[in-house]
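# Topology and contacts: notes
These are the residues of each chain, in order.
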Amino acid sequence: MHQTSYSSETRMKEVAECCFQQLFGEIVRSMLERYPWQAEDAGGKANDAASASDEAEAAHREAIIIKLEAMGYDVGCRFAERAAKDRPRMLEPLDVIKFVCKDFWITIFKKQIDKLQTNHRGVFVVQDFHFRWLAGISAASEQQTKEMALLFLVFPCGVIRGALAKLGLTAIVNADVPDVRALPGWVTSTTKSTGQKPLRGSTDRYPI
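Residues numbered from 1 in each chain as written. Predicted model: local features only at pLDDT ≥ 70, side-chain atom pairs only at ≥ 80, totals over all residues. Heavy atoms only, no water.

### Digging into the pairing of strand β1 (residues 115-118)
Alignment of β1 against strand β2 (residues 123-128), held across 4 bridges, turns out to be antiparallel. Looking across to β2, one finds that Thr118 is bridged to Phe124. Counting the residues between successive antiparallel strands, the hairpin from β1 to β2 contains 4 residues, one of them, His120, with a positive phi of roughly 60°. (Pairing = 2+ DSSP bridges. Helix = DSSP H or I, 4+ residues; strand = E, 2+ residues; numbered from the N terminus.)

### With respect to the side chain of Ser189
Among the secondary structure elements, Ser189 is positioned in strand β4 (residues 187-196). Here the side chain of Ser189 touches Asn174 through a polar contact of 3.5 Å, landing on its backbone oxygen. Sequence-distant contacts of Ser189, that is, excluding residues within four places in its chain, are made with Phe124, Val125, Val126, Ile160, Val173, Asn174 and Ala175. (Polar contact = N/O pair within 3.5 Å; in protein donor to acceptor, adjacent residues only side chain to side chain. Contact = heavy atoms within 4.5 Å.)

### A short note on the packing of helix α4 (residues 142-152) against helix α5 (residues 154-166)
One can describe the packing of α4 onto α5 by two numbers: an axis separation of 4 Å at closest approach and a directional angle of 30°. As judged from the angle between their axes, α4 and α5 are roughly parallel. Contacts between α4 and α5 involve Leu150, Leu151 and Phe152 from the first element and Val154, Phe155 and Pro156 from the second. (Axes fitted to C-alpha atoms, helices over the stretch in contact; angles between N-to-C directions. Parallel < 35°, antiparallel > 145°, perpendicular 65-115°, else oblique.)

### Points about the pattern of salt bridges
Counted by the stated rule, this structure contains 7 salt bridges. Across the pair Glu81 and Lys166 runs a salt bridge, and its minimum N-O distance is 3.9 Å. Placement of the pair is Glu81 in helix α2 (residues 46-83) and Lys166 in helix α5, with a sequence separation of 85 residues. Three or more residues are tied together by salt bridges with common partners; here these are Lys111, Asp114 and Asp128. (Salt bridge = Lys/Arg side-chain N within 4 Å of Asp/Glu carboxyl O.)

### Focus on α4
Taken together, the buried positions of α4 are occupied by Thr145, Ala149, Leu151 and Phe152. The buried residues of α4 all sit within an arc of 160° when viewed along its axis, so they share a single face. (Buried < 20%, exposed > 50% of the residue type's maximum accessible area, 1.4 Å probe, protein only. Arc of directions from axis to C-beta.)

### Looking at a negative patch on the surface
Where like charges cluster on the molecular surface, the negative patch consists of Asp54, Glu55, Glu57 and Glu147. Sorting elements by how many residues they give to the negative patch places α2 first, with 3 residues. With respect to the helices, strands and loops of the structure, Asp54 is situated in helix α2. (Patch = residues over 30% accessible without salt bridge, like charges linked within 9 Å, V, L, I, M, F, W, Y side chains within 5 Å. Areas by Shrake-Rupley, 256 points an atom, 1.4 Å probe, with all protein chains shown as cover. Lys, Arg positive; Asp, Glu negative; His and termini not counted. Charge placed at Lys NZ, Arg CZ, Asp CG, Glu CD.)

### Section: helix α1 (residues 17-34)
Because an α-helix packs 3.6 residues into every turn, residues spaced three or four apart end up facing the same way. In this model α1 runs 26 Å from its N-terminal to its C-terminal C-alpha over 18 residues, within 8% of the 26 Å that 1.5 Å per residue would give. Taken as a whole, α1 has its buried residues at Phe24, Gly25, Val28 and Met31. The buried side chains of α1 occupy one side of the element, clustering within an arc of 120° when seen end-on. When the buried face of α1 is taken as reference, the exposed residues oriented beyond 90 degrees from it are Cys18, Leu23, Glu33 and Arg34. (Expected span 1.5 Å × (residues − 1).)

### With respect to the nonpolar core
Counting 43 residues, the largest nonpolar core has Val100, Phe104, Trp105, Phe131, Leu134, Leu164 and Leu167 as its most contacted members. Looking at which element gives the most residues to this core, the answer is helix α3 (residues 93-109), with 9 residues. (Core = buried A, V, L, I, M, F, W, Y, C linked by side-chain atoms within 4.5 Å.)

### What to know about unusual backbone geometry
Despite not being glycine, Lys110 has its phi angle at roughly 65°, a positive value. Topologically, Lys110 is positioned in the loop between α3 and β1. Within the chain, His120 stands out as a residue other than glycine whose phi angle is a positive 60°. By secondary structure assignment, the location of His120 is in the loop between β1 and β2. The exposure class assigned to His120 is exposed, which follows from its relative accessible area of 73%.

Worth remembering: the numbers are spatial, not functional.
Take a look at the structure:
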């Protein structure tokens, strides 16, 4: 009887999507709890207190964004290396973008993108009409829902930027939700290429 064995590198471990979404939500919520933004009023004027509170809230949000984006960047690097290990090295930025929008997107988001546009000057606009990671996002108002959705999009933006960097393309990645009433659909990601990183050696398959 012939038995086929698979190494740990061959098998890709997966979890149910609902479990990941629960974990993802808890990560963001834990970040919100870890970096409290409420400023204490030291007895100054109301305007000064409001200004201090606004500055503290901005600093709080920036701290969360930096942490979430860095986590996503690390995940994107790891998944891109796994997804592209058997492919020839991609030298053109457009080839890298196409790979991320199709193969990589399917690996991470379980579908390929719905629309890709470019101005042929290094700016690519990616649209996903059913972005599953935003399923269940809601708040008291549309504005609060959009702010929460944009916060939840920081991590996947980091994932995309990390994947591009691993494949040799340095870029700035931003996301937007044109219509929160259509969630989890219609998410727009704008990727601006800032140049390809030089190869470090002929033996490097994917420059870092």
